[in-house]
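Listed below are the residues making up each chain.
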Amino acid sequence: NAGVMQNPRHLVRRRGQEARLRCSPMKGHSHVYWYRQLPEEGLKFMVYLQKENIIDESGMPKERFSAEFPKEGPSILRIQQVVRGDSAAYFCASSGQDSNQPQHFGDGTRLSIL
Amino acid sequence: GQQLNQSPQSMFIQEGEDVSMNCTSSSIFNTWLWYKQDPGEGPVLLIALYKAGELTSNGRLTAQFGITRKDSFLNISASIPSDVGIYFCAGTTSGTYKYIFGTGTRLKVLA
């Protein structure tokens, strides 16, 4: 998974706190995707961003969740007022500019809510 | 949201055996990807397929893009213990970056 960097690898929050997950895409990639994975389940699409734009957020809950990919710096997935059900592994992927280019994943952030 | 159906969901095999798994969709795709995920890590890209009927190998792994464009197959020859993990397929339709992921095949290799 060299190239796509996610941090932190593990994050523990208490109910009601905010969680911020960061993702730096592979060098040269301008498309970022966030996925959520529960134990023993597959990847569920959340949001797709290009620099400074949200392209598709159809998989992201309407409340408490937001994502950004600023002109400078990493992409951020923010979860406000976390609840126990937010506990999961959150993966970021990036791809290049040509249509259908494969997505390369980071090692994820494992979020635990106490 | 839509998901691809992967089969089998899980399998136990003996070391040295060949493995076959497949992925089917109700939609036509123009790109298929196969990933492997180890515990505690992110999915790693194994093989990418771009044309119907395409057969591509990566070491002991071989994947095929089904001619109907609604399915794909992954074969692992002479399995070894490090092949253990979850294998995901992913597909996308023309002109979109949004990949749909399969439900995964969990492979366990018995030494």
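Below or above, wherever it landed, is the structure these notes cover.

Thresholds applied
- Residues numbered from 1 in each chain as written.
- Chains lettered and ligands numbered in written order.
- Predicted model: local features only at pLDDT ≥ 70, side-chain atom pairs only at ≥ 80, totals over all residues.
- Heavy atoms only, no water.
- Helix = DSSP H or I, 4+ residues; strand = E, 2+ residues; numbered from the N terminus.
- Rg over C-alpha atoms; globule rule 2.2 N^0.38 Å.
- Contact = heavy atoms within 4.5 Å.
- Areas by Shrake-Rupley, 256 points an atom, 1.4 Å probe, with all protein chains shown as cover.
- Lys, Arg positive; Asp, Glu negative; His and termini not counted.
- Charge placed at Lys NZ, Arg CZ, Asp CG, Glu CD.
- Buried area = accessible area lost by both parts, 1.4 Å probe.
- Salt bridge = Lys/Arg side-chain N within 4 Å of Asp/Glu carboxyl O.
- Polar contact = N/O pair within 3.5 Å; in protein donor to acceptor, adjacent residues only side chain to side chain.
- Disulfide = S-S within 2.5 Å.
- Buried < 20%, exposed > 50% of the residue type's maximum accessible area, 1.4 Å probe, protein only.
- Pairing = 2+ DSSP bridges.
- Axes fitted to C-alpha atoms, helices over the stretch in contact; angles between N-to-C directions.

**A few points about the overall build of chain A**
- A tally of regular secondary structure across chain A gives zero helices and 11 strands.
- Seen in sequence order, chain A has helices and strands lined up from the N terminus as β-β-β-β-β-β-β-β-β-β-β.
- Its C-alpha atoms give chain A a radius of gyration of 13 Å, near enough to 13 Å, the size a compact globule of 114 residues would have.
- Taken over the C-alpha atoms alone, chain A extends approximately 40 × 25 × 25 Å along its principal axes.
- Taking the contacts inside chain A whose residues are at least 6 apart along the sequence as the reference set, 51% of them involve residues at least 24 apart.
- By element, 46% of the accessible surface of chain A is carried by carbon and sulfur atoms, the whole surface being about 5700 Å².
- Charge centroids of chain A, computed over 16 positive and 12 negative side chains, lie 7 Å from each other.

**Describing the interface of chain B and chain A**
- In this assembly, 26 residues from chain B lie in contact with 30 residues from chain A.
- When the two sides are added together, the surface that chain B and chain A hide from each other amounts to roughly 2000 Å², 50% of it contributed by carbon and sulfur.
- Counting across the chain B and chain A interface gives zero salt bridges.
- Here chain B is connected to chain A by five residue pairs in polar contact (both at pLDDT 80 or more).
- At the level of secondary structure, the elements contributing two or more residues to the side of chain B that touches chain A comprise β4 (31-37), β5 (44-49) and β9 (85-92) of chain B.
- In terms of residue count, β4 of chain B provides more of the side of chain B that touches chain A than any other element does, four residues in total.

**Quick notes on the state of the cysteines**
- Following the criterion strictly, the structure yields two disulfides over all chains and no others.
- Between the sulfur atoms of C23 of chain A and its disulfide mate C92 of chain A the distance is 1.8 Å. In this structure, the disulfide formed by C23 of chain A and C92 of chain A twists by about -55 degrees around the S-S bond and is classed as left-handed. You can see C23 of chain A sitting in strand β3 (residues 19-24) and its partner C92 of chain A sitting in strand β9 (residues 88-95), a full 69 residues away along the chain. For the pair C23 of chain A and C92 of chain A, a shared accessibility class is recorded, and that class is buried.
- One disulfide bridge connects C23 of chain B with C89 of chain B, the sulfur atoms lying 1.7 Å from each other. With C23 of chain B in strand β3 (residues 19-24) and C89 of chain B in strand β9, this pair connects stretches of sequence that are 66 residues apart.

**Notes on the environment of L61 of chain B**
All names here are of chain B.
- Structurally, the position occupied by L61 is in strand β7 (residues 61-65).
- Look at L61 and you get buried, because its relative accessible area is 10%.
- Between the C-alpha atom of L61 and that of N75, which follows or precedes it by 14 residues, the distance is 5.7 Å.
- Beyond its immediate sequence surroundings of up to four residues, L61 is in contact with L46, I47, T56, L74, N75 and I76.

**Topic: the sheet that holds strand β1 (residues 5-7) of chain B**
Residues and elements named next belong to chain B.
- Spatially, β1-β3-β8-β7-β6 is the arrangement adopted by the five strands of the open sheet, whose pairing is antiparallel. With partners counted over all chains shown, the strands left at the sheet margins are β1 and β6 (55-58), one partner each. Pairs of neighbouring strands in the sheet enclose a mean axial angle of 15 degrees, with direction left out of account.
- Pairing geometry for β6 and β7, over four bridges, is antiparallel. Paired with N58 across the strands is L61, a residue of β7.

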